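Listed here are the chains, written in short residue letters.
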Amino acid sequence: MGDYKEFLRNFREKNLKKRKVRDKNKPIAVWIQDDIYRDFKIGKSLTIILRTEGCFYAKEGGCLMCSYLMDSSPEKITSENIINQFNYAIEKYKEKLKDFSVKIFTSGSFLDDREVPKEAREYIFKKLSEFENLKEVAIESRPEFITEKKLNEIRKYLNINVEIGVGIESLNEEIRNYAINKGITNEQIIKVIELAKNYDIGIKAYLLIKPPFITEKDAIKDAIQSANECIKLGCSRISFCPTTIHKGSLIEYFWNKNQYRPPFLWSIIEILKNVKKENKNALIMCDTSGVGSERGAHNLYGCKCNKIIKKRLEKFTLTQDIDVLNVECECKKLWEAYLYVESKNIVPLGDERKIFK
């Protein structure tokens with residue numbers, strides 16, 4: 001196991017040398033879009049991705065599918081830099097901030113003092129508290145940083161809906177820690193869910209669809225089981241994240257060798273339908289970043305259904321209506337064949353672009 005960790009650390013360090021120096025006073029990205037709130041109402045959300053020094057767990061090797069650390073700064077980021085980034089984002093969209101929610105991401109953990117110092121965090125919370133029309137605030141963090149102290153810090157300023165997104169990925173600990181290298185336990189997850197309830201703060205469960213080293217069929221089964229269990233534990237919403245091939249990630253290494261394929265969109269539809277039918281009152285979402293592309297979840301490469309299904313997934317997230325996921329296409333037969341081949345341990349199909357003309 002030690003050699004494995006050392007390999008991941010060296011692999012990460014090699015890629016980190018490719019990072020470029022960017023403006024430390026501007027966020028990585030900021031945009032406004034339609035979103036669904038915890039009360040199932042649809043409104044606008046302002047997303048701000050702050051540029052920090054990056055996820056400190058990722059610097060030690062991190063999760064196999066993630067390369068968000070590549071967006072981090074190779075230089076020191078101060079509280080002042082982060083405050084300037086936040087102010088830049090708010091100023092850019094201030095004319096559109098009527099009824100809205102705010103999502104603040106850091107490509108790591110917003111509650112980690114090494115990424116976002118307390119001074120910057122409290123400034124952001126205080127500024128957000130001044131918006132009378134702010135409906136919700138969402139941040140992200142690894143569970144080890146979700147403590148009584150940090151939750152008190154949030155509630156000192158914000159008395160509205162607050163959610164903390166946690167990369168649970170899977171509730172199967174073998175999958176999470178061997179196939180993903182997440183470095184957290186179910187015990188930690190359950191603890192933070194219960195702790196957050198005491199502060200009326202939601203825990204949004206990020207669940208990965210198709211980690212490496214497992215079959216497509218097992219990935220479907222794991223995603224469904226993990227979501228159902230997270231809902232029972234009291235997570236405020238489920239956000240499915242189909243694996244995308246990030247540059248500089250270990251999954252890209254396997255993908256380049258034709259040893260990994262992102263999930264089929266048919267698999268995602270199967271998962272969403274099953275979980276929503278089982279949990280009609282739960283809020284289920286699906287990230288569509290990269291969906292339909294070669295590096296993202298897709299069906300037969302180049303098939304017209306990729307764009308259609310991506311739009312249906314986006315509509316499902318906003319409406320929670322599983323009927324919008326009723327899509328048919330001839331390429332569904334490929335997916336069914338793929339599941340069969342994997343289940344029989346025949347030869348892997350590999351890259352269907354080279355097989356199906």
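Residues numbered from 1 in each chain as written. Predicted model: local features only at pLDDT ≥ 70, side-chain atom pairs only at ≥ 80, totals over all residues. Heavy atoms only, no water.

**Here we look at the pairing of strand E1 (residues 29-36)**
Argument step 1. Judged from the eight bridges that link them, E1 and strand E2 (residues 42-49) form a sheet pairing that is antiparallel. Residue pairing in the sheet places isoleucine 36 in a bridge with isoleucine 42 of E2.
Argument step 2. Turn length for the E1-E2 hairpin, with the two strands adjacent in sequence and antiparallel, is five residues, and the turn residue phenylalanine 40 shows positive phi of about 70°. (Pairing = 2+ DSSP bridges. Helix = DSSP H or I, 4+ residues; strand = E, 2+ residues; numbered from the N terminus.)

**So, the nonpolar core**
Argument step 1. With 84 residues, the main nonpolar core has Ile154, Ile164, Phe240 and Trp266 as its most contacted residues.
Argument step 2. Membership of the second largest hydrophobic core comes to 23 residues, among which are Leu16, Ile175, Phe254 and Tyr260. (Core = buried A, V, L, I, M, F, W, Y, C linked by side-chain atoms within 4.5 Å. Buried < 20%, exposed > 50% of the residue type's maximum accessible area, 1.4 Å probe, protein only.)

**Observations regarding the pattern of salt bridges**
Argument step 1. Summed over all chains, the structure comprises 23 salt bridges.
Argument step 2. Of the charged contacts, one joins aspartate 34 and lysine 44 as a salt bridge, the two residues approaching to 2.8 Å between their closest N and O atoms. Pair noted here: aspartate 34 is in strand E1 and lysine 44 is in strand E2, with a separation of ten residues, a long-range link.
Argument step 3. The salt bridge partner of arginine 237 is glutamate 163, with a shortest N-O separation of 2.8 Å. Pair noted here: arginine 237 is in strand E7 (residues 237-242) and glutamate 163 is in strand E5 (residues 161-169), with a separation of 74 residues, a long-range link. The exposure classification of arginine 237 matches that of glutamate 163, with both residues buried.
Argument step 4. Residues joined in a network through salt bridges with shared partners are Arg38, Glu136, Glu163 and Arg237. (Salt bridge = Lys/Arg side-chain N within 4 Å of Asp/Glu carboxyl O.)

**Quick look at helix H3 (residues 79-93)**
Argument step 1. Between its first and last C-alpha atoms H3 spans 22 Å; for 15 residues at 1.5 Å apiece the expected length is 21 Å, and the two agree.
Argument step 2. All buried positions along H3 are accounted for by Ser79, Asn81, Ile82, Ile83, Gln85, Phe86, Ala89, Ile90 and Tyr93.
Argument step 3. At its buried positions, H3 is contacted by E1, E2, strand E3 (100-105) and helix H4 (118-129). (Expected span 1.5 Å × (residues − 1). Contact = heavy atoms within 4.5 Å.)

**Describing the sheet that holds strand E6 (residues 202-209)**
Argument step 1. Within the open sheet, the eight strands sit side by side as E1-E2-E3-E4-E5-E6-E7-E8. Their pairing is mixed. Either end of the sheet is taken by a strand with one partner, and the two such strands are E1 and strand E8 (284-286). Looking at each pair of strands side by side, their axes are set apart by 25° on average, direction ignored.
Argument step 2. In terms of strand pairing, strand E4 (residues 134-140) meets E5 through five bridges, oriented parallel. Across the sheet, residue isoleucine 139 finds its bridge partner in E5, namely isoleucine 164.
Argument step 3. Packed onto the sheet, helix H10 (residues 265-278) meets E6, E7 and E8 and runs at close to 170° relative to E8. (Axes fitted to C-alpha atoms, helices over the stretch in contact; angles between N-to-C directions.)

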